[in-house]
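Notes for the structure review
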Amino acid sequence: MSKIVLLQCKTYDYETVAAKVAEIFTRIPLAVQPEQTVFLKANLLIGKKPEEAITTHPVVMEAAVRYFQAQGCEVIIGDSPGGIFNAAYLKTVYRACGMLEVAKKTGCKLNYDTETVEIAYPEGKFVKKLNVVKAMVEADVLISMAKLKTHGMMVYTGAMKNMFGAIPGTEKVQYHFKMPNYADFAVGLLDICLALKPAYALIDGIVGMEGNGPSGGSPREVGVLLG
């Protein structure tokens, strides 16, 4: 089984969060090499302000960006939000969620490449092949930067459902139609995550969401970061 680190962190103060993120990667090391590309796959479901607790907080993202930049890596932030998957919409979401500001502060890249690629996953129980954002699978290291939330359909998925965001834009709707019940969708989400093989997961649970997530719940102070 995977190891898990859960640290108390009750504030989005940058220095505090950066220290906690570094501690997580110290306790469960992730080997990266200088000049490797690290893709931080945020949860940017829709263009909402960070305080609404729908998306991965920009302070957590900035801390992770700077951690990998210190290792000599090139860092890219990205996601495929719900809705049309094009550069103009991505910029709108990045701005609302605070990612443009993170890029401005750190010099990291934001992904505007909307090219997709089909990958095979013959071991999948429900999903044998899938069309995904090319930039995510082409990166040397893919990291799931999730948000701690409950979910109206799936109850709780940890960092697993965050990888559903690798499915481009409105194509996600097709998966909901094909997997309309809990059991099938659960298996499908497992297939998608295992097909993408993220190297690491980090969950922003400083302020999470409870109730009818992923977007209709209420912010809840939880005070944790998980790796």
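Residues numbered from 1 in each chain as written. Predicted model: local features only at pLDDT ≥ 70, side-chain atom pairs only at ≥ 80, totals over all residues. Heavy atoms only, no water.

A short note on the overall build of the protein chain
- Broken down by element type, the protein chain carries seven helices and ten strands.
- Relative to the globule expectation of 17 Å for 227 residues, the C-alpha radius of gyration of the protein chain, 16 Å, shows essentially globular dimensions.
- For the protein chain, the spread of C-alpha atoms along the three principal axes comes to 45 × 40 × 40 Å.
- Counting across all 227 residues of the protein chain, residues that qualify as buried make up 51%.
- Contacts in the protein chain between residues far apart in sequence, at least 24 positions, make up 71% of those at least 6 positions apart.
- For the protein chain, the separation between the mean place of its 24 positive charges and that of its 22 negative charges on side chains is 3 Å. (Helix = DSSP H or I, 4+ residues; strand = E, 2+ residues; numbered from the N terminus. Rg over C-alpha atoms; globule rule 2.2 N^0.38 Å. Buried < 20%, exposed > 50% of the residue type's maximum accessible area, 1.4 Å probe, protein only. Contact = heavy atoms within 4.5 Å. Lys, Arg positive; Asp, Glu negative; His and termini not counted. Charge placed at Lys NZ, Arg CZ, Asp CG, Glu CD.)

Brief notes about the nonpolar core
- Ranked by internal contacts, the top residues of the largest apolar core, which has 70 residues, are Val17, Leu40, Phe68, Ile77, Leu130, Ile143 and Leu225.
- In terms of residues, this core owes the most to one element, helix H2 (residues 58–70), which gives seven residues.
- For Ile77, the contacting residues outside a window of four places in its chain are Phe39, Leu40, Met61, Val65, Tyr94, Met99, Val102, Cys108, Lys109, Leu110 and Asn111.
- One finds Ala146, Leu148, Ala159 and Leu226 within the second-largest nonpolar core, a separate group that totals six residues. (Core = buried A, V, L, I, M, F, W, Y, C linked by side-chain atoms within 4.5 Å.)

Considering the layout of surface pockets
- When its volume is computed, the largest pocket comes out at roughly 590 Å³.
- Surrounding the largest pocket, 18 residues form its lining, Ser2, Lys3, Ile4, Tyr200 and Ala201 being those nearest its centre.
- Looking at the lining of the largest pocket residue by residue, the class counts come to 14 nonpolar, two polar and two charged.
- Looking at the second largest pocket, its volume works out to about 450 Å³.
- Elements with a contribution of two residues or more to the lining of the second largest pocket: strand S7 (141–151) and helix H6 (171–178).
- The element contributing the most residues to the lining of the second largest pocket is S7, with five residues.
- Considered class by class, the residues forming the lining of the second largest pocket number eight nonpolar, 13 polar and six charged. (1 Å grid on protein atoms, 1.4 Å probe; cavity = no way out; pocket = protein on both sides within 12 Å on 5 of 7 lines; lining within 4 Å. Points joined across faces, edges and corners; volume = space filled by probe spheres on them. Nonpolar A, V, L, I, M, F, W, Y, C, P; charged D, E, K, R; others polar.)

A few points about the environment of Tyr156
- Along the chain, Tyr156 turns up in strand S8 (residues 155–156).
- Of the residues examined, Tyr156 reaches a relative accessible area of 44% and is grouped as partly exposed.
- As a C-alpha pair, Tyr156 and Ser2 span 154 residues in sequence and 18 Å in three-dimensional space.

Regarding the pairing of S7
- With ten of eleven residues buried, S7 lies mostly within the body of the structure.
- The pairing of S7 with S8 spans two bridges and is antiparallel. Looking at the pairing, His151 lines up with Val155 of S8.
- The loop that links S7 with its antiparallel partner S8 comprises three residues. (Pairing = 2+ DSSP bridges.)

A look at the packing of aromatic side chains
- One pass over the structure, following the stated rule, counts seven aromatic pairs.
- Ring geometry for Phe25 versus Tyr67: centroids 4.8 Å apart, planes at 20 degrees, classification stacked. With Phe25 in helix H1 (residues 14–27) and Tyr67 in helix H2, the pair connects residues that are 42 residues apart, well separated along the chain.
- Ring centres of Phe164 and Phe185 lie 5.5 Å apart, and the angle between their planes is 90 degrees; this geometry places the pair in the edge-to-face category. Of the two residues, Phe164 is situated in the loop between S8 and H6 and Phe185 in helix H7 (residues 182–196); the sequence distance between them amounts to 21 residues.
- Judged by relative accessible area, Phe164 falls into the buried class, the value being 4%.
- Under the relative-accessibility criterion, Phe185 is labelled buried at 0%.
- Grouping aromatic residues by their ring pairs yields a cluster made of Phe25, Tyr67, Phe68 and Tyr200. (Phe/Tyr/Trp six-rings, centres within 6.5 Å; stacked < 30°, edge-to-face > 60°.)

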